[in-house]
Amino acid sequence: MKQHRKFETWLVDVRKQLTHPTLEGPRSDLYSLGWHLSVFQDRLQGDVERIRELIDVLRQIRDGRGVGRAAFEQRVMESLSWLVHNACTELLDGGVARQPSLVAPQALSPDLRPPCDVVLELCRYAIECLTYSRPRDSLAGNRRRFALELLGEASCVFEMPAPVLAFVRQTIKTGRGPAVMGAILFCETYSNARYPGAR
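Before going into details, it helps to say that this report is about the structure given with it. (Residues numbered from 1 in each chain as written. Predicted model: local features only at pLDDT ≥ 70, side-chain atom pairs only at ≥ 80, totals over all residues. Heavy atoms only, no water.)

### Quick look at the overall build of the protein
No. 1: When you go through the protein residue by residue, the secondary structure sums to 9 helices and 0 strands.
No. 2: The secondary structure elements of the protein, listed N-terminal to C-terminal, are α-α-α-α-α-α-α-α-α.
No. 3: The C-alpha atoms of the protein give 17 Å as radius of gyration, which agrees with the globular expectation for 199 residues (16 Å, within 12%).
No. 4: A principal-axis box enclosing the C-alpha atoms of the protein has dimensions of 55 × 45 × 25 Å.
No. 5: Put simply, the protein has 199 residues, and 47% of those count as buried.
No. 6: Carbon and sulfur atoms form 54% of the exposed surface of the protein, whose accessible area is close to 10,200 Å².
No. 7: Taken together, the 27 basic and 23 acidic charged side chains of the protein have centroids lying 5 Å from each other. (Helix = DSSP H or I, 4+ residues; strand = E, 2+ residues; numbered from the N terminus. Rg over C-alpha atoms; globule rule 2.2 N^0.38 Å. Buried < 20%, exposed > 50% of the residue type's maximum accessible area, 1.4 Å probe, protein only. Areas by Shrake-Rupley, 256 points an atom, 1.4 Å probe, with all protein chains shown as cover. Lys, Arg positive; Asp, Glu negative; His and termini not counted. Charge placed at Lys NZ, Arg CZ, Asp CG, Glu CD.)

In structure tokens form, the structure reads like this:
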């Protein structure tokens, strides 16, 4: 398995797999590439432009079909939830109070601006994933699950928009599919953030 030292090299290899997929070889398998993303989490946490590039690739993966795509997307979505968790921890440790909406605070120190921008960009993508659909989408339920987990992590710092809360309520009311677990985890994190003294 090829060890990627640079995010740009990793991204090039992923894009190659989208245009010329192969089933063998240590660096050509999307599943393996998905696991490599964790190497770059610290760097991605403060680089919104790289996050946008990653989201662009995720949209291509999401919209297409082929061997390894679902496994790659699932692994990357899991990594992004951890990235948001770490970025929000950095914001809270930096003294950022919980915000009343999904908007960056006006008074924000320069060193906290990058992780804040990253969280907001990933939240926008996660919200997009909640309503995304296409025929024969094997990852639809799990994609929504991971999107809700990501939004739950972000709710430690940002209040979620009404459509997200309505989606969570409807998902729990329906009571079926992988997204339910994401909705339950969202509720737990969201409640702890909104009512910190309730437990």
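### Points about the packing of helix α4 (residues 48-63) against helix α5 (residues 69-93)
No. 1: Taken N-terminus to C-terminus, the directions of α4 and α5 make an angle of 150°; their axes are 10 Å apart at the nearest point. Of the possible angle classes, the one that applies to α4 and α5 is roughly antiparallel. Read as a crossing pair, α4 and α5 show a hand that is left-handed. Taken together, the residues of α5 that come into contact with α4 (itself represented by I51, L54, L58, Q60, I61 and R62) are R69, F72, E73, V76, L80 and L83.
No. 2: Here the residues of the contact of α4 with α5 sort into 8 nonpolar, 1 polar and 3 charged. (Axes fitted to C-alpha atoms, helices over the stretch in contact; angles between N-to-C directions. Parallel < 35°, antiparallel > 145°, perpendicular 65-115°, else oblique. Left-handed = near helix turned anticlockwise from the far one by under 90°. Contact = heavy atoms within 4.5 Å. Nonpolar A, V, L, I, M, F, W, Y, C, P; charged D, E, K, R; others polar.)

### Looking at the packing of aromatic side chains
No. 1: Within the structure shown, the criterion is met by 5 aromatic pairs.
No. 2: Measuring from ring centre to ring centre gives 5.4 Å for F186 and Y190, while their planes differ by 15°; the resulting arrangement is stacked. Placement of both F186 and Y190 in helix α9 (residues 179-194) is noted, with a separation of 4 residues, approximately one turn of the helix.
No. 3: F186 sits in the buried class, given a relative accessible area of 2%.
No. 4: Given a relative accessible area of 9%, Y190 falls into the buried group.
No. 5: Aromatic rings pair up to connect F7, W10, F40 and F72 into one cluster.
No. 6: Between the NZ or CZ atom of R62 and the centre of the ring of Y132, over which it lies, the distance is 3.9 Å.
No. 7: The ring of W35 carries the charged tip of R75 above its face, separated from the ring centre by 3.9 Å. (Phe/Tyr/Trp six-rings, centres within 6.5 Å; stacked < 30°, edge-to-face > 60°. Lys NZ or Arg CZ within 6 Å of the ring centre and 35° of its normal.)

### Quick notes on the nonpolar core
No. 1: With 55 residues, the main nonpolar core has W10, F72, L122, F158 and M160 as its most contacted residues.
No. 2: Residue assignment for this core shows that the elements contributing at least two residues are α1 (7-19), α2 (30-36), α4, α5, α6 (113-131), α7 (140-154), α8 (162-174) and α9.
No. 3: Ranked by residues supplied to this core, first place goes to α6 with 10 residues.
No. 4: Every residue in contact with L122, bar those within four places of it in the chain, is listed here: I51, I55, L80, L83, V84 and L150. (Core = buried A, V, L, I, M, F, W, Y, C linked by side-chain atoms within 4.5 Å.)

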